[in-house]
Amino acid sequence: MNFIDIILDTIHDTWAMLPLLYITYCILEVFERKNTQDDKLFFGLQRLGPILGALVGLIPQCGFSILAAMLFVQNNITLGTLVSVMIATSDEAIPILISNPKMYSSLLGILGLKLVIAIIVGLFTDHVLFRNQKILRFEDIEEDYDDKEYEEEESSRSSCPCCYPEYPLWISALLRSLKIYVFIFITSFVLTLLIECIGEKTLSMILLQDNLFQPIIAALFGFIPNCAATVVLTQLYTAGELSFGSLLAGLVTNAGLGLIVMIRYEAKKKDILRTMFILFITGVIVGIGFMLL
């Protein structure tokens, strides 16, 4: 198969995803642009902690991991709540799996497992690893809340490079769909090219297929703070080159821009390292566990 044939073959295999991607992002844009009362979410995260954090994190947008990181830096939520949001976050993996009808069973499995894992790890973090965490309750600081500070938070939450809130909904959804499709196309093209050049068996060896080290590599790869990371992981899984456990490991550690926000707002180094360590260990244990099963 020559270079042109590979391009045409990749287009043939991926173009049908575009309409479903666009519909998915249109629906997500509707919810993201709603004027919701953030106060309810803030108080809910303090009262319900990791349980609500896991539920919120399942919504496929990086805004919630950014919000959780900022609240943690301001000492408004516990480490367990932060970790639960980050573990549940799946960035662009959900829209990609939705756009591929063959992957619906995997999608349901990922959503259900990440919800349960996020709640368990979040509660374990708060009640076993780091008990008696002191946080600033919103009811105690409500009167001193600064409107300017709130505007800065909102600006940070909408600064995700994957989103385009400055454009009308249909244009923003189209841009997001095209951007993710480009990542999907490139990944699929490179995979096809590699299989043609080196063979599927050699590629499987390079990607450590059926090897217990694959979830570890996937978990490390998941730390890349870009939607391209989840696109690559998901595409490798749909192509059969990545195990379900490895995909789960990579999606557990991929916390959107949450970790970048922690660094930007100068969170304590020990808190950043603790967060990354919990995410990594969770991803590796879950990934290897599913490979053994």
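For the structure, check the block above.
Everything quoted here is computed from the prediction, not taken from an experiment.

**Structural notes on the pattern of salt bridges**
All chains considered together, the criterion is met by 2 salt bridges. Here E29 ties to R176 by a salt bridge, and the two come within 2.9 Å at their closest N and O atoms. A residue pair is termed long-range when its members are at least 10 positions apart, and E29 in helix α2 (residues 17-32) and R176 in helix α11 (residues 169-198) qualify at 147 residues. Between D271 and R274 there is a salt bridge, and its shortest N-O distance comes to 3.7 Å. Taken together, the positions of D271 and R274, both in helix α17 (residues 269-292) and 3 residues apart, correspond to about one turn of that helix.

**Looking at a nonpolar patch on the surface**
Together, V182, I186, V190, L194, I198 and I206 make up a nonpolar patch on the protein surface, roughly 470 Å² of accessible area in all. For the nonpolar patch, the element with the highest residue contribution is α11, accounting for 5 residues. Tracing the chain through its elements places L194 in helix α11. With relative accessibility at 33%, the residue L194 sits in the partly exposed group.

**As for the packing of aromatic side chains**
A full pass over the atoms with the stated rule returns 5 aromatic pairs. Ring geometry for Y181 versus F185: centroids 6.4 Å apart, planes at 40 degrees, classification tilted. Taken together, the positions of Y181 and F185, both in helix α11 and 4 residues apart, correspond to about one turn of that helix. The pair formed by Y181 and F185 is uniform in burial state, with each residue classed as buried.

**Some details on the side chain of K114**
Inspection of the secondary structure puts K114 in helix α8 (residues 104-129). Polar side-chain contacts of K114 include one of 2.9 Å to the backbone oxygen of I87. Among the polar contacts made by the side chain of K114, one reaches the main-chain carbonyl oxygen of T89 at a distance of 2.5 Å. Excluding its chain neighbours within four sequence positions, the residues that come into contact with K114 are L58, I87, A88, T89, S90, L248, L251 and V252.

**What about the nonpolar core?**
Formed by 54 residues in total, the largest nonpolar core has its most connected members in L82, I87 and M262. The contact partners of M262, leaving out residues within four places of it in the chain, are A69, F72, V73, L82, M86, A267, D271, I272 and T275.

**A few points about the environment of T78**
Secondary-structure assignment places T78 in the loop between α5 (63-73) and α6 (79-88). For the pair formed by T78 and P50, sequence separation is 28 residues and the distance between their alpha carbons is 8.6 Å. Beyond its immediate sequence surroundings of up to four residues, T78 is in contact with F72, D126, Q133 and I135.

**Description of the environment of I171**
Summarising the element assignment, I171 is placed in helix α11. A relative accessible area of 25% means that I171 is categorised as partly exposed. In this structure, the C-alpha to C-alpha distance between I171 and C26, residues 145 residues apart in sequence, is 9.3 Å.

**A short note on the packing of α6 against α17**
The geometry of α6 relative to α17 is characterised by a closest axis approach of 10 Å and an angle of 50 degrees between their N-to-C directions. Classified by the interaxial angle, the pair formed by α6 and α17 is oblique. Where α6 crosses over α17, the handedness of that crossing is right-handed. The segment α6 lies against α17, with L79, L82, V83, M86 and I87 engaging R274, T275, I278, L279 and T282.

**Quick word on the packing of α8 against α17**
The N-to-C vectors of α8 and α17 enclose an angle of 135 degrees; their axes lie 12 Å apart at closest approach. Classified by the interaxial angle, the pair formed by α8 and α17 is oblique. Considering only the axes of α8 and α17, their crossing is right-handed. Between α8, through L113, I117, V121, T125 and L129, and α17, the contact on the second element is made entirely by I278, T282, V286 and F290.

**What about unusual backbone geometry?**
The backbone of N75 shows a phi angle near 65 degrees, a positive value even though the residue is not glycine. Structurally, N75 is set in the loop between α5 and α6. By relative accessible area, N75 is classed as partly exposed at 32%. A positive phi angle is found at L208, which is not glycine, with a value near 55 degrees. Its location among the elements puts L208 in the loop between α12 (200-206) and α13 (214-221).

Definitions and limits used
- Residues numbered from 1 in each chain as written.
- Predicted model: local features only at pLDDT ≥ 70, side-chain atom pairs only at ≥ 80, totals over all residues.
- Heavy atoms only, no water.
- Salt bridge = Lys/Arg side-chain N within 4 Å of Asp/Glu carboxyl O.
- Helix = DSSP H or I, 4+ residues; strand = E, 2+ residues; numbered from the N terminus.
- Patch = residues over 30% accessible without salt bridge, like charges linked within 9 Å, V, L, I, M, F, W, Y side chains within 5 Å.
- Areas by Shrake-Rupley, 256 points an atom, 1.4 Å probe, with all protein chains shown as cover.
- Buried < 20%, exposed > 50% of the residue type's maximum accessible area, 1.4 Å probe, protein only.
- Phe/Tyr/Trp six-rings, centres within 6.5 Å; stacked < 30°, edge-to-face > 60°.
- Polar contact = N/O pair within 3.5 Å; in protein donor to acceptor, adjacent residues only side chain to side chain.
- Contact = heavy atoms within 4.5 Å.
- Core = buried A, V, L, I, M, F, W, Y, C linked by side-chain atoms within 4.5 Å.
- Axes fitted to C-alpha atoms, helices over the stretch in contact; angles between N-to-C directions.
- Parallel < 35°, antiparallel > 145°, perpendicular 65-115°, else oblique.
- Left-handed = near helix turned anticlockwise from the far one by under 90°.

Note that all results are geometric; they support no functional claim without further evidence.
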